[in-house]
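Structure at a glance
Listed below, chain by chain, are the residues.
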Amino acid sequence: METVLTGLRAAAEPTRLRLLHLLAQGDLTVTELTHILGQSQPRVSRHLKLMCEAGLLDRFPEGAWVFYRLAAKGRAAALAGHLLDLLPAEDPVLALDQQRLAAIRAGRAEKAQSYFSDNASRWDQIRSLHVDESVVEKALLATFSGRRIRDLVDMGTGTGRVLEVLGPLAERAVGIDLSREMLAVARANLERAGLRNCMVRQGDITQLPLPPAAADAVTIHQVLHYATEPGSLVAEAARVLEPGGRLAVIDFAPHDLEILRDQHAHRRLGFSDAEVEGWFTAAGLAPAPAVHLPGKPLTVVVWTATKPLAAKPLAATPHEGATA
């Protein structure tokens, strides 16, 4: 009962209801919210702080910025959803907020497109060397077909394309990436696609800002070849995967294109099935047969593995339990 009362008290104010309405539609910073609401930053920050403490909102620092969003889980989040259902769609104040939000999103999209255009040649050159992306995405969808995805984590999300592909199948999805520029592109893409169940967060994928068993689906798309220790990324994915959950890794088969190392910062020139499956096994995952998608000259591979429902006990060594 106290959770409900606290949530009601935190939301029972015109500006806070406007904030709930805005933040139910995606991530926004304090600066963006002050522009939409036409109020001072200290005042807006106080409202946000109170609602975060009540569990109505989630707060995500990203460098010098902080993004806010409607809480994804908990009783307070459910209460917020009920309150939003009661807000009249024709309310003139909310309609004006919506217009200003649309202007901010348009500005975001323009900046993101500018960054992507400046760097597009880097991706276009690599794409020309392997199978069409639509074929890769079809294979990725097949990996999760027939499965109900509750929480998806995309490690090294980049432009957020994996979230666009799998987001419609998931209740909730989050992409983690260290680059703020790439996250800006991803946010614009997700907003354009209308995927409100998807979000992106700044973070180090070698140490995901997530607790153990936080997801039932994890993806690592074209990331391992940049990693200093790819096996460690697989182990980190296994850590946040719950029993019964599935991991999908998409990357290149072994190749000899040194240009990708020299001009595109690839540390590894592809991976063998045995190598990736060895990382799966070491992380306690059960590998499935790999899917090879031949290109000219690069072959893309989709490796998948499942976390067993019950961990198998390790075999005892002959000297286990012996004293020194």
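Structure report, in brief. (Residues numbered from 1 in each chain as written. Predicted model: local features only at pLDDT ≥ 70, side-chain atom pairs only at ≥ 80, totals over all residues. Heavy atoms only, no water.)

**Details of the pattern of salt bridges**
The test is simple: Between Lys or Arg on one side and Asp or Glu on the other, a salt bridge is scored when a side-chain nitrogen of the former is within 4 Å of a carboxyl oxygen of the latter.
Under the definition given, this model contains 15 salt bridges. A single network of salt bridges, built from pairs that share partners, joins Arg 148, Arg 150, Asp 151, Glu 171, Arg 172 and Glu 242.

**Things to note about the side chain of Thr 29**
Our working definition: Only DSSP runs of H or I reaching four residues or more are called helices, and only runs of E reaching two or more are called strands; each is numbered from the N terminus. Under the scheme applied here, a residue whose accessible area is under 20% of the maximum for its type counts as buried, over 50% as exposed, and between as partly exposed, the area being computed with a 1.4 Å probe on protein chains only.
As for its placement among the helices and strands, Thr 29 is situated in strand S1 (residues 28-29). Residue classification places Thr 29 among the buried positions, given a relative accessible area of 9%.

**Topic: the side chain of Gln 222**
To be explicit about the condition: Residue contacts are defined here by distance: any two heavy atoms, one from each residue, within 4.5 Å place the two residues in contact.
Looking at where Gln 222 falls in the secondary structure, it is placed in the loop between strand S7 (215-221) and helix H10 (230-240). The buried category is assigned to Gln 222, whose relative accessible area is 16%. If we ignore the near neighbours within four places in the chain, the residues touching Gln 222 are Ile 250, Asp 251, Phe 252 and Val 300.

**Concerning a nonpolar patch on the surface**
Cut-off, in case you're wondering: Patch rule: a residue counts if its relative accessible area is over 30% and it has no salt bridge; like charges are joined within 9 Å, and nonpolar side chains (Val, Leu, Ile, Met, Phe, Trp, Tyr) within 5 Å. Working definition of accessibility: Shrake-Rupley area with a 1.4 Å probe, residue cover restricted to the visible protein chains.
On the surface, Met 1, Val 4, Leu 5 and Leu 8 cluster together into a nonpolar patch covering about 380 Å² of accessible area. By the element assignment, Val 4 lies in helix H1 (residues 2-11). Relative accessible area serves as the criterion here: at 38%, Val 4 is assigned to the partly exposed category.

**Some thoughts on the packing of helix H3 (residues 30-37) against helix H4 (residues 41-53)**
For clarity, the cut-off: Convention adopted: a line fitted to C-alpha atoms gives each axis, helices being fitted over their contacting stretch, and angles between N-to-C directions are expressed from 0 to 180 degrees. Relative orientations are named as follows: roughly parallel for angles under 35 degrees, roughly antiparallel for angles over 145 degrees, roughly perpendicular for angles from 65 to 115 degrees, and oblique for any other angle. Helix crossings fall into two classes, left-handed where the near helix is turned counterclockwise from the far one by less than a right angle and right-handed where it is turned clockwise.
One way to put it is that H3 packs onto H4 with a least axis distance of 9 Å and a crossing angle of 110°. Our classification of the angle between H3 and H4 gives roughly perpendicular. Crossing geometry of H3 relative to H4 is assigned as right-handed. Here Val 30, Thr 31, Leu 33, Thr 34 and Leu 37 of H3 come into contact with H4, specifically with Gln 41, Val 44, Ser 45 and Leu 48.

**Observations concerning the packing of aromatic side chains**
When we look at a pair of aromatic rings, we describe it by the centre distance and by the angle of the planes. The condition that has to hold: Side-chain rings of Phe, Tyr and Trp, where Trp is taken by its six-membered ring, are said to pair if the distance between their centres is within 6.5 Å; with planes under 30 degrees apart they count as stacked, over 60 as edge-to-face, and otherwise as tilted. Any Lys NZ or Arg CZ found within 6 Å of a ring centre and within 35 degrees of that ring's normal is scored as a charge over the ring.
A full pass over the atoms with the stated rule returns one aromatic pair. Between Phe 271 and Trp 279 the ring centres are 5.6 Å apart and the planes differ by 70°, which places this aromatic pair in the edge-to-face class. Judged by relative accessible area, which is 0%, Phe 271 ranks as buried. In this structure, Arg 187 is placed above the aromatic ring of Phe 67, and the distance from its NZ or CZ to the ring centre is 3.6 Å. The aromatic ring of Phe 60 is capped on one face by Arg 201, whose charged end is 3.4 Å from the ring centroid.

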